[in-house]
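Spelled out from the first residue to the last, the chains are:
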Amino acid sequence: MSDEHNIFVTEERIDGDDDGPLAGKTIAIKDNMSTEGVRTTCGSSMLADYVPPYNATVVDRVLEAGATIVGKVNMDEFAMGGTTETSAFGATDNPAAPGHVPGGSSGGSAAAVAAGDADFALGSDTGGSVRNPAAFCGVVGIKPTYGLVSRYGIVAYANSLEQVGPLAPTVAEAALLLDVIAGSDPNDATTNDGGDGSNYAAAANGDVEDLTVGVITDLIEGADDDVVAAFQESIDDLESQGAEITEVSLDSLEHAVQAYYVIAMSEASSNLARFDGVRYGPDVDAAGNWNDTFAAVREEGFGPEVKRRILLGTYALSAGYHDKYYKKAQDARAWVKQDFDSAFEEVDVLASPTMPVTPPELGESLDDPLQLYLMDANTVPVNLANLPAISVPAGDVDGLPVGLQLIGPKFGEETIIRAASAAEQ
Amino acid sequence: MSDSPVDPGDVRHVAELARVDLDDDEVEEFTEQFADILTYFEALDEVPEVDAEPELVNVMRSDEVREGLSQEAALQNAPETEDGFFKGPSVS
């Protein structure tokens, strides 16, 4: 198959079982999920030749469900980015909006679904990395409640925030894939039994009678006007189908991006310490002691955004700064959780545009890291609060896709799937 | 002393702590970017102290021998091995 959008890092077919809910279907796997015998690069030169000796739990589950894996797809390096441009394997074009980024970090996953290269895809979402590319590529993506899906065999970035999530053309298909991958796993102690025996696919019935939807005004204020207009049309549509619409304001959200980046970078600085060139990684011919050799391997193997986050995370955790950054970020995280809990006493789901902007042009936005971080304003609060959320297509602005984000309470997957299935009709 | 929360010496110091070599251009670029980003993070000062219960609990299992990777599989990605061991750089 020709790969005109640079979606695949490795095109390789892995056949699944003969029958199961995904029999006869194809799936693309984000390249941070271990596939036994098939290289798993995480979008990094550091792992360009890394071949895992075992499968991630989610890979086993989709194969047991009958799916055929068609390849490992592109992503921002170590899932750090929102455009898939930080990949060591080049940028991916957006099939729904050529010349524009597909979003990220699971940009290859969303692009594979949008281009029809796969029926389904798996992505991972640490601060929006499933919902952002789903919105930018005009497909559906779900970030499950923390612990609903096993992370065993996923290359770790920020453990306390990340979840594996499904991408598909429709809400019902995304829900079906979530049924396949959800459920506790003895190999991941952070999993819970919230998804055991689930039937999320049945919830995609389009029924929003008696459903109360709270629009988060704080996440409208920073969004582009034409994005807000498309979002409002989706909300009006839900109202016309019987949903009750109300407005909600959460004061803590002002600090969500700051808290998210401090926590994610701190966890990354610790997680990525393992890449020292001894067990895997490039073989550099450095002179000197082990400190010099490790530093040379990491200079060569990591790209600029990964170095930036490792260094800032190291800084935030270093003596004298821990209380100022990391501890305050944990306070902000707890505050965001409390705000969401209070809001869900009044409403069933919360709504915002998934992304405050439409997909930037390729190469347009990479120069200014802080501006890119601010693009995550609407997605990171969900990860901080461990909640489920879905992005569903909500029309377009001059041909550029817009996403509607629906957020649910803990284990509220069925509710957001129901609401999203009404919104996509 | 400047108002910037970070100077090139700070960037070199954390890079050393994190074991990442940087060339001079990278130090210059990161110094500028880190100043912007850390200034933005300063707003966390306004966040009140919040009491929170941890959601995760320890999960225990009995300490029994289970199937694991073979030595060969565990070593298969290493750039250098010797006699069935990983081979690292010299310590001193």
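Quick summary incoming for the structure in this document. (Residues numbered from 1 in each chain as written. Chains lettered and ligands numbered in written order. Predicted model: local features only at pLDDT ≥ 70, side-chain atom pairs only at ≥ 80, totals over all residues. Heavy atoms only, no water.)

### A look at the packing of aromatic side chains
Residue and element names in this part refer to chain A. Scanning the model with the defined rule gives 16 aromatic pairs over all chains in all. With a centroid separation of 5.7 Å and an interplanar angle of 45°, the aromatic rings of Phe-275 and Tyr-280 are classed as tilted. A relative accessible area of 4% means that Phe-275 is categorised as buried. A relative accessible area of 17% places Tyr-280 in the buried class. The interplanar angle of 50° and the centroid separation of 6.1 Å between the aromatic rings of Tyr-315 and Tyr-325 together place this pair among those described as tilted. Of this pair, Tyr-315 sits in helix α9 (residues 304–317) while Tyr-325 is found in helix α10 (residues 323–343), placing the two residues 10 residues apart along the sequence. Like Tyr-325, Tyr-315 is buried. Ring-pair connections join several aromatic residues into one group, and the members of that group are Tyr-50, Phe-78, Phe-275, Tyr-280 and Phe-302. (Phe/Tyr/Trp six-rings, centres within 6.5 Å; stacked < 30°, edge-to-face > 60°. Buried < 20%, exposed > 50% of the residue type's maximum accessible area, 1.4 Å probe, protein only. Helix = DSSP H or I, 4+ residues; strand = E, 2+ residues; numbered from the N terminus.)

### A closer look at the environment of Gln-71 of chain B
All names here are of chain B. Summarising the element assignment, Gln-71 is placed in helix α3 (residues 71–75). Gln-71 gets classed as exposed once you look at its relative accessible area, which sits at 53%. Expressed as a C-alpha distance, the spacing of Gln-71 and Gly-84, which sit 13 residues apart in the sequence, is 7.1 Å.

### Thoughts on the interface of chain B and chain A
Taken together, the 49 residues of chain B in the interface contact 62 residues of chain A. Roughly 4,700 Å² of surface becomes buried between chain B and chain A when both sides are summed, with 65% attributable to carbon and sulfur atoms. The largest contributions to the chain B side of the interface with chain A come from Arg-19, Tyr-40 and Leu-44 of chain B, which together make up 15% of the buried area. On the surface where chain B and chain A come into contact, there are four salt bridges. Of the charged contacts, one joins Glu-26 of chain B and Lys-307 of chain A as a salt bridge, the two residues approaching to 2.8 Å between their closest N and O atoms. Along the contact surface separating chain B from chain A lie 15 residue pairs in polar contact (both at pLDDT 80 or more). When residues of the side of chain B that touches chain A are traced back to their parent elements, those giving at least two are α1 (8–17) and α2 (24–41) of chain B. Considering every element that reaches the side of chain B that touches chain A, the biggest residue donor is α2 of chain B, with 10 residues. Considered class by class, the residues forming the side of chain B that touches chain A number 29 nonpolar, six polar and 14 charged. (Contact = heavy atoms within 4.5 Å. Buried area = accessible area lost by both parts, 1.4 Å probe. Salt bridge = Lys/Arg side-chain N within 4 Å of Asp/Glu carboxyl O. Polar contact = N/O pair within 3.5 Å; in protein donor to acceptor, adjacent residues only side chain to side chain. Nonpolar A, V, L, I, M, F, W, Y, C, P; charged D, E, K, R; others polar.)

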